[in-house]
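Here is what each chain is made of, one letter per residue.
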Amino acid sequence: MTRVIVTGASGVLGSAVYAAFKSAGHTVLGLAHSRPTDELKQLDLTDVSATERVFSEFKPDWIVHCAAERRPDAAEKDPEAARKINVSVPENLAKLSKALKSKLVYISTDYVFDGTSPPYTPSSATNPLNFYGQTKRDGELAVLGVSGSQSIVLRVPILYGPAPKNTDSAVNILLDVVSDQSGKQYRMDHYATRYPTNVVDIADFLVRLCSLPSTRVIPPILHYSAGEPFTKYEMCLIFARILGLPHAHIIADAEPPNYDTPRPRDCQLYTHETEDLMEGYGGLGWTPFEEWWTEYLTKKQ
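Residues numbered from 1 in each chain as written. Predicted model: local features only at pLDDT ≥ 70, side-chain atom pairs only at ≥ 80, totals over all residues. Heavy atoms only, no water.

Student: Tell me about unusual backbone geometry, and name the residues and values.
Tutor: Only a minority of non-glycine residues have a phi that is not negative, and only a minority of peptide bonds are not trans. Residue Pro118 is joined to Pro119 through a cis peptide bond whose omega torsion reads -5 degrees. With a phi angle near 55 degrees, Lys59 is a residue other than glycine that sits in the positive phi range. Classification of Lys59 as exposed rests on a relative accessible area of 56%. Although it is not a glycine, Lys101 sits at a positive phi angle of roughly 55 degrees. Within the secondary structure, Lys101 is located in the loop between α4 (79-100) and β5 (103-109). (Buried < 20%, exposed > 50% of the residue type's maximum accessible area, 1.4 Å probe, protein only. Helix = DSSP H or I, 4+ residues; strand = E, 2+ residues; numbered from the N terminus.)

Student: I'd love a proper account of helix α5 (residues 131-144), names of residues and values included.
Tutor: Here α5 contains 14 residues, and its C-alpha end-to-end distance of 20 Å stays within 8% of the 20 Å for a straight helix at 1.5 Å per residue. Burial of α5 is extensive: 10 of the 14 residues sit out of reach of the surface. Structurally, α5 contributes buried residues whose contacts are with α3 (72-77), α4, β5 and β6 (150-156). (Expected span 1.5 Å × (residues − 1). Contact = heavy atoms within 4.5 Å.)

Student: Break down the packing of α4 against α5 for me, citing the residues and quoting the values.
Tutor: At their nearest, the axes of α4 and α5 sit 8 Å apart, and the two run at 20 degrees to each other. One finds that α4 runs roughly parallel with respect to α5. As α4 packs across α5, the resulting crossing turns out to be right-handed. Where α4 abuts α5, its residues Pro79, Ala82, Arg83, Asn86, Val87, Pro90, Glu91 and Ala94 lie against Phe131, Tyr132, Thr135, Lys136, Asp138, Gly139, Ala142 and Val143. (Axes fitted to C-alpha atoms, helices over the stretch in contact; angles between N-to-C directions. Parallel < 35°, antiparallel > 145°, perpendicular 65-115°, else oblique. Left-handed = near helix turned anticlockwise from the far one by under 90°.)

Student: An account of empty space enclosed by the protein is needed here, citing residue identities and associated values.
Tutor: Under the definition given, this model contains 1 cavity of 30 Å³ or more. Every residue lining the largest cavity is listed: Asp110, Tyr111, Thr193, Arg194, Tyr195, Pro264, Arg265, Asp266, Cys267 and Gln268. (1 Å grid on protein atoms, 1.4 Å probe; cavity = no way out; pocket = protein on both sides within 12 Å on 5 of 7 lines; lining within 4 Å. Points joined across faces, edges and corners; volume = space filled by probe spheres on them.)

Student: An account of the sheet that holds β6 is requested, with residue identities and associated values reported.
Tutor: Reading across from one edge, β3-β2-β1-β4-β5-β6-β10 is the order of the 7 strands in this open sheet, with parallel pairing throughout. Only two strands of the sheet have a single neighbouring strand rather than two, namely β3 (41-42) and β10 (221-223). Strand direction decides the pairing type here: strand β4 (residues 62-65) and β5, joined by 4 bridges, are parallel. The residue of β5 that forms the bridge with Trp62 is Lys103. Along the sheet, helix α2 (residues 48-58) makes contact with β1 (3-7), β2 (27-32), β3 and β4, crossing β2 at roughly 170 degrees. Across the sheet, α4 touches β1, β4, β5 and β6, and the angle it forms with β5 is around 160 degrees. (Pairing = 2+ DSSP bridges.)

Student: Can you break down the layout of surface pockets residue by residue, with the values?
Tutor: Any empty space left between atoms is shown by rolling a water-sized probe over those atoms. Considered as a void within the structure, the second largest pocket measures approximately 260 Å³ in volume. If you go around the second largest pocket, you meet 16 residues; those closest to its centre are Trp62, Lys103, Gln150, Arg216 and Ile218. Elements represented by at least two residues in the lining of the second largest pocket include exactly β6 and α7 (199-210). The element that contributes the greatest number of residues to the lining of the second largest pocket is β6, accounting for 3 residues. Of the residues in the lining of the second largest pocket, the class split is 8 nonpolar, 4 polar and 4 charged. (Nonpolar A, V, L, I, M, F, W, Y, C, P; charged D, E, K, R; others polar.)

Student: Could you give me a rundown of the side chain of Thr274, with the residues and numbers involved?
Tutor: Of note, Thr274 is situated in helix α9 (residues 272-277). On the basis of relative accessible area, Thr274 is assigned to the buried category, the value being 1%. At a separation of 2.5 Å, a polar atom in the side chain of Thr274 contacts the main-chain carbonyl oxygen of His223. Leaving out residues up to four positions away in the same chain, Thr274 has contacts with Phe205, Leu222, His223 and Leu284. (Polar contact = N/O pair within 3.5 Å; in protein donor to acceptor, adjacent residues only side chain to side chain.)

Student: Can you lay out the pattern of salt bridges for me, pointing to particular residues and giving the numbers?
Tutor: Counting across every chain of the model gives 11 salt bridges. Linking Asp204 and Arg208 is a salt bridge whose minimum nitrogen-to-oxygen distance equals 3.0 Å. Here the residue Asp204 and the residue Arg208 both occupy positions in helix α7, the gap between them amounting to 4 residues, near one helical turn. Exposure remark for Asp204: the relative accessible area of 37% places this residue in the partly exposed category. Put simply, Lys299 and Glu295 hold a salt bridge, and the shortest N to O gap is 3.3 Å. A residue pair is termed a helical-turn pair when its members lie 3 or 4 positions apart in one helix, as Lys299 and Glu295 do in helix α10 (residues 289-300) at 4 residues. (Salt bridge = Lys/Arg side-chain N within 4 Å of Asp/Glu carboxyl O.)

Student: Got a sec to walk through the state of the cysteines? Specific residues and values, please.
Tutor: On inspection of all chains with the given rule, the structure shows 0 disulfides. Free cysteine Cys210: the closest other cysteine sulfur is in Cys66, separated by 11 Å. Judged by its relative accessible area of 10%, Cys210 falls in the buried class. As a non-bridged cysteine, Cys267 has Cys236 as the owner of its nearest cysteine sulfur, 20 Å distant. (Disulfide = S-S within 2.5 Å.)

Quick look at the structure:
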(Lines give C-alpha, C1' and ligand atoms only; values in the text may rest on other atoms or scores of the structure.)
Protein backbone atom coordinates (compact mmCIF):
# COMPACT_ATOMS: atom_id res chain seq x y z
CA MET A 1 0.00 0.00 0.00
CA THR A 2 0.94 3.65 -0.33
CA ARG A 3 3.03 5.33 2.39
CA VAL A 4 1.62 8.75 3.28
CA ILE A 5 2.72 11.56 5.61
CA VAL A 6 -0.01 13.99 6.71
CA THR A 7 1.18 17.23 8.33
CA GLY A 8 -1.15 19.23 10.56
CA ALA A 9 -2.88 15.93 11.39
CA SER A 10 -4.44 17.32 14.58
CA GLY A 11 -6.31 20.07 12.69
CA VAL A 12 -9.83 19.88 11.27
CA LEU A 13 -8.68 19.04 7.73
CA GLY A 14 -5.55 17.11 8.68
CA SER A 15 -7.36 14.80 11.11
CA ALA A 16 -9.96 13.94 8.44
CA VAL A 17 -7.21 13.32 5.85
CA TYR A 18 -5.24 11.13 8.30
CA ALA A 19 -8.35 9.08 9.16
CA ALA A 20 -9.33 8.64 5.49
CA PHE A 21 -5.91 7.31 4.42
CA LYS A 22 -5.81 5.00 7.43
CA SER A 23 -9.26 3.57 6.82
CA ALA A 24 -8.35 3.01 3.14
CA GLY A 25 -5.57 0.72 4.37
CA HIS A 26 -2.55 2.93 3.61
CA THR A 27 0.49 3.24 5.88
CA VAL A 28 0.13 6.71 7.39
CA LEU A 29 2.32 8.90 9.59
CA GLY A 30 0.38 11.78 11.13
CA LEU A 31 2.41 14.79 12.30
CA ALA A 32 1.26 17.44 14.77
CA HIS A 33 3.07 20.33 16.40
CA SER A 34 0.94 21.82 19.18
CA ARG A 35 -1.52 18.94 19.66
CA PRO A 36 0.35 15.61 19.39
CA THR A 37 -1.40 12.45 20.62
CA ASP A 38 -0.39 8.81 21.19
CA GLU A 39 -1.10 8.27 17.52
CA LEU A 40 0.34 11.50 16.06
CA LYS A 41 4.06 12.24 16.11
CA GLN A 42 5.16 15.63 17.40
CA LEU A 43 7.31 17.53 14.93
CA ASP A 44 8.15 21.20 14.48
CA LEU A 45 8.21 21.53 10.68
CA THR A 46 10.29 24.72 10.95
CA ASP A 47 13.11 22.52 12.32
CA VAL A 48 14.60 21.56 8.95
CA SER A 49 17.00 18.84 10.13
CA ALA A 50 14.43 17.11 12.38
CA THR A 51 11.90 17.21 9.52
CA GLU A 52 14.42 15.76 7.09
CA ARG A 53 15.22 12.94 9.53
CA VAL A 54 11.55 11.96 10.09
CA PHE A 55 10.67 12.09 6.38
CA SER A 56 13.79 10.22 5.25
CA GLU A 57 13.15 7.44 7.79
CA PHE A 58 9.50 7.01 6.76
CA LYS A 59 10.11 7.26 2.98
CA PRO A 60 6.63 8.50 1.93
CA ASP A 61 5.13 8.01 -1.53
CA TRP A 62 2.84 11.00 -0.86
CA ILE A 63 3.02 13.99 1.49
CA VAL A 64 -0.23 15.84 2.21
CA HIS A 65 0.71 19.19 3.74
CA CYS A 66 -2.26 20.47 5.75
CA ALA A 67 -0.29 22.34 8.45
CA ALA A 68 -0.67 26.12 8.07
CA GLU A 69 -1.43 29.36 9.83
CA ARG A 70 -4.99 29.50 8.51
CA ARG A 71 -6.35 32.41 10.61
CA PRO A 72 -6.14 35.68 8.64
CA ASP A 73 -6.10 37.84 11.80
CA ALA A 74 -3.38 35.76 13.48
CA ALA A 75 -1.27 35.93 10.31
CA GLU A 76 -1.44 39.75 10.38
CA LYS A 77 -0.46 39.82 14.09
CA ASP A 78 2.66 37.67 13.66
CA PRO A 79 3.68 37.97 10.01
CA GLU A 80 7.12 36.41 10.48
CA ALA A 81 5.70 33.21 12.02
CA ALA A 82 2.95 33.03 9.35
CA ARG A 83 5.49 33.45 6.54
CA LYS A 84 7.67 30.73 8.03
CA ILE A 85 4.85 28.15 8.31
CA ASN A 86 3.00 29.13 5.09
CA VAL A 87 5.98 29.73 2.76
CA SER A 88 9.33 28.43 4.10
CA VAL A 89 7.98 25.10 5.39
CA PRO A 90 6.18 24.09 2.15
CA GLU A 91 9.22 25.10 0.09
CA ASN A 92 11.42 22.87 2.27
CA LEU A 93 8.87 20.01 1.95
CA ALA A 94 8.91 20.38 -1.85
CA LYS A 95 12.72 20.06 -1.82
CA LEU A 96 12.49 17.06 0.52
CA SER A 97 9.79 15.42 -1.61
CA LYS A 98 12.01 15.85 -4.68
CA ALA A 99 14.96 14.19 -2.89
CA LEU A 100 12.72 11.34 -1.66
CA LYS A 101 10.89 11.04 -5.03
CA SER A 102 7.56 11.59 -3.22
CA LYS A 103 4.54 13.51 -4.46
CA LEU A 104 3.57 16.58 -2.42
CA VAL A 105 0.07 18.04 -2.07
CA TYR A 106 0.17 21.60 -0.72
CA ILE A 107 -3.21 22.68 0.63
CA SER A 108 -3.90 26.28 -0.39
CA THR A 109 -6.91 28.59 -0.26
CA ASP A 110 -9.48 30.51 -2.29
CA TYR A 111 -8.11 33.61 -0.51
CA VAL A 112 -5.29 33.80 -3.09
CA PHE A 113 -7.96 35.58 -5.20
CA ASP A 114 -9.46 39.04 -4.65
CA GLY A 115 -13.10 37.94 -5.01
CA THR A 116 -14.04 40.53 -7.64
CA SER A 117 -14.52 38.30 -10.72
CA PRO A 118 -15.55 34.72 -9.87
CA PRO A 119 -15.49 31.89 -10.76
CA TYR A 120 -11.71 31.41 -10.64
CA THR A 121 -9.97 28.71 -12.67
CA PRO A 122 -6.65 27.18 -11.56
CA SER A 123 -4.88 29.46 -14.06
CA SER A 124 -6.70 32.67 -13.03
CA ALA A 125 -4.44 35.51 -11.89
CA THR A 126 -4.00 35.59 -8.11
CA ASN A 127 -4.41 38.85 -6.20
CA PRO A 128 -4.72 38.21 -2.44
CA LEU A 129 -6.34 40.99 -0.39
CA ASN A 130 -4.79 40.11 2.96
CA PHE A 131 -1.46 38.94 4.33
CA TYR A 132 -2.73 35.39 4.96
CA GLY A 133 -3.71 35.10 1.26
CA GLN A 134 -0.31 36.53 0.26
CA THR A 135 1.57 33.92 2.31
CA LYS A 136 -0.49 31.08 0.83
CA ARG A 137 0.05 32.44 -2.71
CA ASP A 138 3.80 32.76 -1.98
CA GLY A 139 3.73 29.20 -0.63
CA GLU A 140 2.20 28.03 -3.92
CA LEU A 141 4.91 29.80 -5.92
CA ALA A 142 7.64 28.39 -3.65
CA VAL A 143 6.37 24.81 -3.97
CA LEU A 144 5.81 24.97 -7.74
CA GLY A 145 9.18 26.73 -8.11
CA VAL A 146 11.16 23.69 -6.90
CA SER A 147 12.12 22.31 -10.27
CA GLY A 148 11.88 18.54 -10.57
CA SER A 149 9.57 18.13 -7.57
CA GLN A 150 6.19 16.43 -8.10
CA SER A 151 4.14 19.09 -6.34
CA ILE A 152 0.40 19.72 -6.55
CA VAL A 153 -1.35 22.80 -5.18
CA LEU A 154 -4.88 22.04 -3.99
CA ARG A 155 -6.95 25.17 -3.37
CA VAL A 156 -9.96 24.79 -1.09
CA PRO A 157 -12.52 27.26 0.30
CA ILE A 158 -13.89 27.73 3.85
CA LEU A 159 -13.93 24.36 5.64
CA TYR A 160 -16.21 22.59 8.12
CA GLY A 161 -16.67 19.11 9.49
CA PRO A 162 -16.07 17.08 12.64
CA ALA A 163 -13.94 19.23 14.99
CA PRO A 164 -12.84 18.89 18.62
CA LYS A 165 -14.04 22.47 19.27
CA ASN A 166 -16.42 24.61 17.24
CA THR A 167 -13.82 27.40 17.36
CA ASP A 168 -11.57 25.22 15.15
CA SER A 169 -13.65 26.14 12.07
CA ALA A 170 -15.08 29.47 10.88
CA VAL A 171 -18.27 27.55 9.97
CA ASN A 172 -18.64 25.31 13.04
CA ILE A 173 -18.30 28.35 15.32
CA LEU A 174 -21.60 29.65 13.90
CA LEU A 175 -23.32 26.82 15.83
CA ASP A 176 -22.27 28.60 19.04
CA VAL A 177 -23.81 31.85 17.78
CA VAL A 178 -27.12 30.14 16.94
CA SER A 179 -27.14 28.23 20.25
CA ASP A 180 -26.50 31.38 22.32
CA GLN A 181 -30.06 32.16 23.43
CA SER A 182 -28.89 34.50 26.24
CA GLY A 183 -30.33 37.60 24.59
CA LYS A 184 -27.01 38.73 23.13
CA GLN A 185 -27.33 40.08 19.57
CA TYR A 186 -24.94 39.19 16.75
CA ARG A 187 -24.41 41.07 13.48
CA MET A 188 -23.67 38.40 10.87
CA ASP A 189 -22.00 38.81 7.48
CA HIS A 190 -24.62 38.69 4.71
CA TYR A 191 -22.25 40.27 2.17
CA ALA A 192 -19.50 37.76 1.31
CA THR A 193 -20.46 34.57 -0.52
CA ARG A 194 -18.72 31.44 0.71
CA TYR A 195 -18.71 27.83 -0.54
CA PRO A 196 -18.44 25.80 2.69
CA THR A 197 -16.73 22.49 1.96
CA ASN A 198 -16.60 19.40 4.14
CA VAL A 199 -13.17 18.16 5.25
CA VAL A 200 -14.40 14.54 5.06
CA ASP A 201 -15.17 15.07 1.35
CA ILE A 202 -11.72 16.61 0.73
CA ALA A 203 -10.06 13.72 2.59
CA ASP A 204 -11.96 11.17 0.49
CA PHE A 205 -10.99 13.07 -2.68
CA LEU A 206 -7.30 13.04 -1.67
CA VAL A 207 -7.35 9.26 -1.11
CA ARG A 208 -8.85 8.83 -4.59
CA LEU A 209 -6.37 11.31 -6.10
CA CYS A 210 -3.43 9.33 -4.70
CA SER A 211 -4.70 6.11 -6.23
CA LEU A 212 -5.21 7.43 -9.78
CA PRO A 213 -3.38 5.38 -12.42
CA SER A 214 -0.11 6.90 -13.66
CA THR A 215 -1.76 7.42 -17.07
CA ARG A 216 -3.83 10.23 -15.49
CA VAL A 217 -1.64 13.33 -15.46
CA ILE A 218 -2.42 15.46 -12.40
CA PRO A 219 -2.12 19.19 -13.21
CA PRO A 220 0.05 21.36 -10.90
CA ILE A 221 -2.94 23.33 -9.54
CA LEU A 222 -6.30 21.79 -8.65
CA HIS A 223 -9.46 23.30 -7.19
CA TYR A 224 -11.79 21.43 -4.83
CA SER A 225 -15.01 23.02 -3.63
CA ALA A 226 -18.59 22.20 -2.82
CA GLY A 227 -21.02 23.92 -5.15
CA GLU A 228 -23.46 25.69 -2.82
CA PRO A 229 -23.13 29.44 -2.17
CA PHE A 230 -24.01 30.81 1.31
CA THR A 231 -23.31 33.90 3.33
CA LYS A 232 -22.47 33.30 6.99
CA TYR A 233 -25.93 34.64 7.86
CA GLU A 234 -27.54 32.02 5.59
CA MET A 235 -25.47 29.29 7.26
CA CYS A 236 -26.80 30.49 10.63
CA LEU A 237 -30.40 30.18 9.34
CA ILE A 238 -29.72 26.57 8.31
CA PHE A 239 -28.28 25.77 11.74
CA ALA A 240 -31.28 27.40 13.45
CA ARG A 241 -33.63 25.28 11.31
CA ILE A 242 -31.79 22.02 12.08
CA LEU A 243 -31.52 22.78 15.81
CA GLY A 244 -35.09 24.11 16.03
CA LEU A 245 -33.88 27.36 17.61
CA PRO A 246 -35.09 30.96 17.13
CA HIS A 247 -32.64 33.22 15.28
CA ALA A 248 -34.02 36.72 15.91
CA HIS A 249 -30.81 37.52 17.84
CA ILE A 250 -28.79 37.20 14.61
CA ILE A 251 -28.97 40.32 12.43
CA ALA A 252 -28.11 40.12 8.71
CA ASP A 253 -25.41 42.64 7.80
CA ALA A 254 -25.32 43.13 4.02
CA GLU A 255 -22.86 46.04 4.16
CA PRO A 256 -19.23 45.43 3.13
CA PRO A 257 -17.66 44.35 6.44
CA ASN A 258 -15.25 46.73 8.11
CA TYR A 259 -12.66 44.11 9.08
CA ASP A 260 -9.15 45.07 10.20
CA THR A 261 -8.08 42.26 7.85
CA PRO A 262 -9.78 42.65 4.43
CA ARG A 263 -11.56 39.59 3.04
CA PRO A 264 -12.69 38.91 -0.55
CA ARG A 265 -16.39 39.00 -1.48
CA ASP A 266 -16.74 35.89 -3.70
CA CYS A 267 -13.86 33.53 -4.51
CA GLN A 268 -15.88 30.74 -6.13
CA LEU A 269 -13.43 28.08 -7.31
CA TYR A 270 -14.05 26.63 -10.79
CA THR A 271 -13.74 22.84 -10.41
CA HIS A 272 -14.33 21.46 -13.91
CA GLU A 273 -10.68 20.44 -14.42
CA THR A 274 -10.83 18.47 -11.17
CA GLU A 275 -14.11 16.82 -12.22
CA ASP A 276 -12.55 15.81 -15.57
CA LEU A 277 -9.47 14.42 -13.84
CA MET A 278 -11.57 12.29 -11.45
CA GLU A 279 -14.02 11.01 -14.07
CA GLY A 280 -14.48 7.30 -13.43
CA TYR A 281 -12.84 7.67 -9.99
CA GLY A 282 -15.71 9.13 -7.98
CA GLY A 283 -15.82 12.59 -9.58
CA LEU A 284 -15.71 15.57 -7.23
CA GLY A 285 -17.95 13.88 -4.67
CA TRP A 286 -19.14 16.62 -2.31
CA THR A 287 -21.95 16.45 0.25
CA PRO A 288 -24.72 19.10 0.40
CA PHE A 289 -24.28 21.38 3.45
CA GLU A 290 -27.69 21.01 5.12
CA GLU A 291 -27.77 17.25 4.50
CA TRP A 292 -24.42 16.66 6.23
CA TRP A 293 -25.16 18.93 9.19
CA THR A 294 -28.64 17.44 9.72
CA GLU A 295 -27.20 13.94 9.96
CA TYR A 296 -24.19 15.02 12.06
CA LEU A 297 -26.16 17.10 14.57
CA THR A 298 -28.92 14.50 14.87
CA LYS A 299 -26.29 11.88 15.78
CA LYS A 300 -24.69 14.21 18.35
CA GLN A 301 -27.96 15.08 20.13
